[in-house]
Amino acid sequence: MRVNFVLSEVATGLRRNLTMTVAMILTTAISLGLMGTGLLIAGMISDMKEIYYDKVQVSIFLADGVTDEQRSAIETQLADSPEVASYLYESKEEAYERFRQQFSQQPELVENTPPDALPESFRVELVNPERYAVVAAEFPNGQNGVDQVRDEGDFLDRLFSLLNGARNATIAVAVVQALAALLLISNTIQLAAFNRRNETNIMRLVGASRWYTQLPFILEAALAGLIGALLAVGGLVLTKVLFVDKTLAGPIKAGIIPPVDWGAIATISPIIAAAGVGLAAVAAYVTLRLYVRL
Amino acid sequence: MIELQHVTKLYPASNRPALDDVSTEIDKGEFVFLIGSSGSGKSTFLRLLLKEDDPTRGTVTVNGKTLNGMSKWQVPKLRRSMGCVFQDFRLLRNRTVAENVAFALEVINKPHRTIKRVVPEVLEMVGLDGKANRLPHELSGGEQQRVAIARAFVNRPLVLLADEPTGNLDPETSEGIMLLLERINRTGTTVIMATHDYHIVDSMRRRVIELNGGQITRDQSRGVYGVGR
């Protein structure tokens, strides 16, 4: 295969219909960028699940007037319960300390909260988180020094369904964009083939192989896909540096949201690139088979 | 060499066949004129030989290979054994004379050394030495057709198909082109030329196959264009 010939054909092709090429690259970039975002959110969700679900499943908040006997009775009950995997006692002081750390970025909130406003509690990890109701029934609210039993998992479920929704919406938009990108690629390739119909006609008549005739077009699309992918990765890097790392710095530091680290971007970049190049090449190939006589 | 057996070609848009039960045989090294009015089936005849189209019925054989049912990847190999020349030259406008000829070899992966050697040879043969670096629009019509012939012949095809190669040229220039085709024919290449040019047919006295409404109405060795002309 004559590499120079093929490459010069590719360059000519891209130059000749520049506007279509730019449109094709931009749509591809947006689609791939959204796909990357979707993948990053998915990774973030699984990170968050690890952070949260592993930590706490049920909180038993104690009433303000709880007595020492009541407290130790609860502790004994927890220690003896077959449903409980482990538990942790948190005093008012510890709760306040944790609260201060979590909201260190919002000093007004911390200042306006008196140190004894937060209840003491038992943080309980269940053997099976779904058996929350059974455990809750053992510690009725408002009795024996128990103020309230709360299923943290319930709150987390709602949080994660929100995040999952965000991820799905991102991926849905990415898919729609990808469809637009594919149609544009197909259109661009048809135009490119039309522009070079003299060349391809002659190639056909002198007996150039199908592959030889098609390759410049397929490479042209693949190259545009690659450029689109590079732009998409660039967009993700910019989003991380300019948005995630700045605007979300507080919650990330507090451990509420896991950071988007370079490793994650490095992991999804090849996926994005492969998707961009692969989809573009396949779209070009199919277009040539369906619409263009070579 | 080339054989058509009961070949019928129907195009979907028309209910009259472009070729109607045509059988003929052309031997290696022959020079054949294909004549007939527009729409008589000349172009279809040539297209079938190139496997640009498949016959609706009948078999086409070229160089001992039956084209019916030939797989797609074998078609390029068939076309490498054939050269094509058209009325409208079909040169690449942004490439020089030498590049136009070289293009035909580049795209079938001939080595650079070979291309460098054979392109000047064939340009000299068609009488274009010294014009290798001209662009097509800097040449006369006759010269452009010579470039097209050089491109068709540079790979030494067994068959040269010419579809009204003199259709756009004046009589004198046409004569030069015909001398060139004759010379190519003398190297052993079979030449099949579709034409309307009765001067040429009458003066060359070669085999004439006349098509009329898709049927062969005359097949004459050393023929003339039309009886009584």
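Predicted model, so just to flag it, every value in this text is computed and none were measured.

Trainee: I keep staring at the overall build of chain B and nothing clicks. Help me out?
Mentor: Counting its regular elements, chain B contains 7 helices and 10 strands. What you see for chain B is a C-alpha radius of gyration of 18 Å, in line with the 17 Å of a compact globule of 229 residues. Considering only C-alpha atoms, chain B reaches an extent of 50 × 45 × 35 Å along its principal axes. Looking at the 229 residues of chain B, the share that counts as buried comes to 42%. Considering only contacts within chain B whose residues lie at least 6 apart along the sequence, 68% involve residues at least 24 apart.

Trainee: Which parts of the structure should I look at to understand the overall build of chain A?
Mentor: For chain A, the helix and strand inventory stands at 11 helices and 4 strands. Taking 2.2 N^0.38 as the reference for a compact globule, 294 residues should give roughly 19 Å; the C-alpha atoms of chain A span a radius of gyration of 29 Å, well beyond that estimate. When its C-alpha atoms are laid out on the principal axes, chain A stretches across 100 × 40 × 25 Å. A total of 294 residues make up chain A; the buried ones form 31% of that total.

Trainee: Please clarify how the UniProt feature "transmembrane region" (unreviewed entry) in chain A should be interpreted in this entry.
Mentor: All names here are of chain A. Here, the residues flagged by UniProt with the feature "transmembrane region" (unreviewed entry) are residues 21-45, 169-194, 215-242 and 262-288. In residues 21-45, the share of helix is 100% and the share of strand is 0%. The end C-alpha atoms are 36 Å apart. Along residues 215-242 the backbone is 100% helical and 0% strand, and the end-to-end C-alpha distance reaches 40 Å.

Trainee: Can you help me understand the interface of chain A and chain B in this one?
Mentor: By a frequent convention, interface size equals the accessible area lost on bringing the separate parts together. Contacts between the two partners involve 15 residues from chain A, matched on the other side by 15 residues from chain B. Looking at the side of chain A that touches chain B, the elements that each hand over two or more residues are α8 (197-206) and α9 (210-247) of chain A. Among the elements that make up the side of chain A that touches chain B, the one with the highest residue count is α8 of chain A (7 residues). Across the side of chain A that touches chain B, the residue classes tally to 8 nonpolar, 4 polar and 3 charged.

Trainee: Would you explain the sheet that holds strand β4 (residues 146-151) of chain A in this entry?
Mentor: In a beta sheet, neighbouring strands pair by backbone hydrogen bonds and run either parallel or antiparallel. Residues and elements named next belong to chain A. Reading across the sheet, the 4 strands line up as β2-β3-β1-β4 and stay open at both edges, with antiparallel pairing between neighbours. The open sheet terminates on both sides in strands that have one partner only, identified here as β2 (84-90) and β4. On average, adjacent strands in this sheet sit at an angle of 20° to one another, irrespective of strand direction. Summarising the sheet, strand β1 (residues 58-62) and β4 pair through 5 bridges and their orientation is antiparallel. Bridge assignment links S59 to a residue of β4, and that residue is R150. Sheet contacts for helix α7 (residues 152-195): β1 and β4; angle to β4, the most-contacted strand, approximately 35°.

Trainee: In this structure, what is going on with the confidence of the model for chain A? I would like to understand it.
Mentor: Low pLDDT marks regions whose predicted coordinates should not be analysed in detail. Residue-level pLDDT values for chain A average 85, and 98% of them are 70 or greater. By mean pLDDT, the top-scoring element of chain A is helix α11 (residues 262-291) of chain A (91), and the lowest-scoring one is helix α10 (residues 249-253) of chain A (77).

Trainee: Would you mind going over the packing of α7 of chain A against α11 of chain A with me for this structure?
Mentor: Angle between the axes and distance between the axes are the two parameters that describe a pair of packed helices. Residues and elements named next belong to chain A. Contact geometry of α7 with α11 gives a least axis separation of 9 Å together with a crossing angle of 50°. On the basis of the axis angle, α7 is oblique to α11. Every pair of crossing elements has a handedness; the one defined by α7 and α11 is right-handed. Residues A178, L182, I185, S186, I189, Q190 and A193 of α7 form the contact with α11, whose participating residues are L279, A280, A283, A284, T287, L288 and Y291. Considered class by class, the residues forming the contact of α7 with α11 number 11 nonpolar, 3 polar and no charged.

Trainee: Can you help me understand the environment of Q70 of chain A in this one?
Mentor: Residues and elements named next belong to chain A. Of note, Q70 is situated in helix α3 (residues 68-80). Note on Q70: 16 C-beta atoms within 10 Å, which makes it partly exposed. In the structure, Q70 is positioned 73 residues away from Q143 in sequence and 9.6 Å away in space, judged by C-alpha atoms. With residues near it in sequence (within four places) discarded, Q70 still touches N144 and G145.

Trainee: I'm lost on unusual backbone geometry in this one. Help?
Mentor: Outside of glycine, negative phi angles account for most residues, and trans bonds account for most peptide bonds. All names here are of chain B. Backbone geometry places N63, a non-glycine residue, at a positive phi of 50°. Mapped onto the elements, N63 comes out in the loop between β4 (57-62) and β5 (65-66). A positive phi angle, near 50°, is found at R222, a position not held by glycine. By secondary structure assignment, the location of R222 is in the segment after β10 (215-220).

Trainee: Would you explain the nonpolar core in this entry?
Mentor: Grouped burial of nonpolar side chains is what soluble globular proteins tend to show. Formed by 71 residues in total, the largest nonpolar core has its most connected members in L34, L49, V101, L123, A150, L160 and L161 of chain B. Top element by residues in this core is helix α3 (residues 97-106) of chain B. It accounts for 7 residues. Excluding residues within four positions of it along the chain, V101 of chain B makes contact with V119, V122, L123, V147, A150, R151 and V154 of chain B. Core analysis: the next-biggest nonpolar cluster, separate from the first, contains 43 residues, A29, L182, I189 and F217 of chain A among them.

Trainee: Where do I start with the environment of G69 of chain B in this structure?
Mentor: All names here are of chain B. Structurally, G69 can be placed in the loop between β5 and α2 (75-80). C-beta crowding within 10 Å serves as the criterion here: with 7 such atoms nearby, G69 is assigned to the exposed category. Between the C-alpha atoms of G69 and V118, which are 49 residues apart in sequence, the distance is 34 Å.

Trainee: So what exactly am I meant to see when it comes to the sheet that holds β5 of chain B here?
Mentor: Residues and elements named next belong to chain B. Strand order across the open sheet formed by 4 strands is β2-β1-β4-β5, with antiparallel pairing between neighbours. Looking at strand neighbours, the two that pair on one side only are β2 (19-26) and β5, the edges of this open sheet. Pairing analysis gives 2 bridges linking β4 to β5, with the strands arranged antiparallel. Across the sheet, T61 pairs through a bridge with T66, a residue of β5.

Trainee: Is there a simple way to think about the environment of S59 of chain A in this case?
Mentor: Residues and elements named next belong to chain A. Its place among the elements puts S59 in strand β1. On the neighbour-count criterion, S59 (16 C-beta atoms within 10 Å) is partly exposed. Separated by 129 residues in the primary sequence, S59 and T188 have C-alpha atoms spaced 59 Å apart. The residues touching S59, leaving out its near neighbours within four places in the chain, are S121, R123, R150 and E152.

Trainee: Which parts of the structure should I look at to understand the packing of helix α1 (residues 3-16) of chain A against α9 of chain A?
Mentor: All names here are of chain A. Across the interface, α1 lies against α9 with an axial gap of 9 Å and an inter-helix angle of 60°. Taken together, the axes of α1 and α9 lie oblique to each other. The chirality of how α1 crosses α9 is right-handed. Packed against α1, whose contacting residues are V6, E9, V10, G13 and L14, the element α9 presents L215, P216, F217, L219, E220 and L223 at the interface. Partitioning the contact of α1 with α9 into residue classes produces 8 nonpolar, 1 polar and 2 charged.

Rules used throughout
- Residues numbered from 1 in each chain as written.
- Chains lettered and ligands numbered in written order.
- Predicted model: local features only at pLDDT ≥ 70, side-chain atom pairs only at ≥ 80, totals over all residues.
- Helix = DSSP H or I, 4+ residues; strand = E, 2+ residues; numbered from the N terminus.
- Rg over C-alpha atoms; globule rule 2.2 N^0.38 Å.
- Buried ≥ 20, exposed ≤ 12 C-beta atoms within 10 Å, placed from the backbone.
- Contact = placed C-beta atoms within 7 Å.
- UniProt positions renumbered as here; feature names shortened; annotations may be inferred.
- Nonpolar A, V, L, I, M, F, W, Y, C, P; charged D, E, K, R; others polar.
- Pairing = 2+ DSSP bridges.
- Axes fitted to C-alpha atoms, helices over the stretch in contact; angles between N-to-C directions.
- pLDDT = per-residue confidence, 0-100.
- Parallel < 35°, antiparallel > 145°, perpendicular 65-115°, else oblique.
- Left-handed = near helix turned anticlockwise from the far one by under 90°.
- Core = buried A, V, L, I, M, F, W, Y, C linked by C-beta atoms within 7 Å.

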